[in-house]
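# A look at the structure
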Amino acid sequence: MKTALVLGAGGFIGSHLVKKLKEEGFWVRGVDIKKPEYWDTFADDFQIYDLRDPRNVEAVMRLEGYEGQPLPVAYHRYPFSDALAFDEVYQLAADMGGAGYIFTGNNDANVMHNSALINLNVVKEAVQQKVKRVFYSSSACMYPEHNQLDPNNPNCEESSAYPANPDSEYGWEKLFSERLYLAFARNYGLTVRIARFHNIFGPYGTWKGGKEKAPAAICRKVAESTEEIEVWGDGQQTRSFLFVDECIEGVLRLTRSDFEGPVNIGSDEMVTINQLVEITSKIAGKKLTIKHVDGPTGVRGRNSDNKLIQEKLGWSPSKPLEDGLKQTYEWINKLVNNN
Ligand code: NAD
């Protein structure tokens, strides 16, 4: 039986990834500072640990005595030589949220400090414990702001990352950590795979409370409204949104491929935020007016460039935005309206 460790397994993408790995027959350990909020974990073994502490990272990455049963994780050091290694480690844990969390500036110090600590611990321990391969989730937020000023023509080709100029500290930390994983690959022979996610959405993700992203926030607002809906900025900013199932498929394909990355995992169906509202309203069968209000909006335009993933993996996401939005709206509408 193959083994996988999912860090950030209490989060949106991590909890979906655990489910998929279980369906594939893996023994899965999930780790997070919290359990998934909206459904139960599918992991064989779920551990609540703070990954900013290197002792916790060491403990959860260890597989000694593994016999297909859930293991109690010991909080002390073992001799490294006895360690069994996880076949696949997925590093998704990060201090993050939507525009209301990462673009206001108020959370910059925590975002950089917390996520960098997690990655510093994980990459070192992955080498120590000889894990077979590590997937790291970077973000499209690391692309330079100057290539994303024109909403109709953003450039997010992987090679456009340098000279670097992300528009948020969240993006800078992602860029630093990409380089960190690549340096450990170079100097210590660690097998790493890196993807830059572009706006992943779907059911069982954060949909209220300040950390939610645009698709979930808009589904919630549409579900709550009968006449008017508020949108941050002029709504002309463009984005693409990838349904979570396709994100997971991309992650697994990349992790098991020979291609190190970094590579975009995103949809190339670009829409304005106003169009996102229109599609969601249509799904809900509502006629709503948009009221534009001040709020953090991020770059003017962003779209996934899928040439490289298509070339390297012979695959790229293809599900229409509207299909994924239907599933997401249905889930959020039930929570909002209790039906
Ligand atoms: P999420 O916030 O739902 O999941 C991240 C998880 O990390 C959370 O459950 C959180 O509790 C956990 N975590 C944070 N600090 C921790 C700590 N100190 N110790 C242990 N766990 C900790 O986010 P997500 O949408 O599932 O994103 C997963 C990864 O993908 C993140 O690294 C994120 O930066 C990246 N990403 C996501 C998107 C997206 O659109 N969702 C886009 C680009 C990149």
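Residues numbered from 1 in each chain as written. Predicted model: local features only at pLDDT ≥ 70, side-chain atom pairs only at ≥ 80, totals over all residues. Heavy atoms only, no water.

### Some words on the pairing of strand β4 (residues 88-91)
Neither face of β4 is left uncovered, since the one carrying Glu-88 and Tyr-90 and the one carrying Val-89 and Gln-91 both have all their residues buried. The pairing of strand β1 (residues 3-7) with β4 spans 4 bridges and is classified as parallel. In the strand pairing of β4, Leu-7 is matched with Gln-91. Where β4 and strand β5 (residues 134-139) come together, 3 bridges link them in parallel fashion. (Buried < 20%, exposed > 50% of the residue type's maximum accessible area, 1.4 Å probe, protein only. Helix = DSSP H or I, 4+ residues; strand = E, 2+ residues; numbered from the N terminus. Pairing = 2+ DSSP bridges.)

### Overview of the sheet that holds β5
Read from one edge of the open sheet, 7 strands run β3-β2-β1-β4-β5-β6-β11, paired in parallel fashion. Edge positions in the sheet fall to β3 (45-48) and β11 (263-265), since each of these pairs with one other strand and no more. Along the sheet, successive strands turn relative to each other by an average axial angle of 25 degrees, direction set aside. With 4 bridges connecting them, strand β2 (residues 27-32) and β3 associate as parallel partners. For Val-31, the partnering residue across the bridge sits in β3 and is Gln-47. In the packing of helix α1 (residues 12-23) onto the sheet, contacts are made with β1, β2, β4 and β6 (192-197), and the angle to β1 comes to roughly 170 degrees. Running at roughly 170 degrees to β4, helix α4 (residues 108-128) makes contact with β1, β4 and β5 of the sheet. (Axes fitted to C-alpha atoms, helices over the stretch in contact; angles between N-to-C directions. Contact = heavy atoms within 4.5 Å.)

### Considering helix α8 (residues 273-284)
Taking 1.5 Å per residue, 12 residues should reach 16 Å; α8 reaches 16 Å between its end C-alpha atoms and fits that length. Those residues of α8 that are buried lie in contact with α6 (214-224), β8 (228-232), β9 (238-239), β12 (271-272), β13 (289-293) and α10 (321-337). Of the residues flanking the end of α8, it is Gly-285, one or two places downstream, whose phi is positive at about 70 degrees. (Expected span 1.5 Å × (residues − 1).)

### Quick look at the side chain of Ser-137
Relative to the helices and strands, Ser-137 is located in strand β5. Relative accessible area serves as the criterion here: at 5%, Ser-137 is assigned to the buried category. A distance of 3.0 Å separates the side chain of Ser-137 from the backbone oxygen of Gln-91, its partner in a polar contact. With residues near it in sequence (within four places) discarded, Ser-137 still touches Gln-91, Leu-92, Lys-174, Ala-195 and Phe-197. (Polar contact = N/O pair within 3.5 Å; in protein donor to acceptor, adjacent residues only side chain to side chain.)

In short, the description is geometric, and any link to function would need to be established separately.
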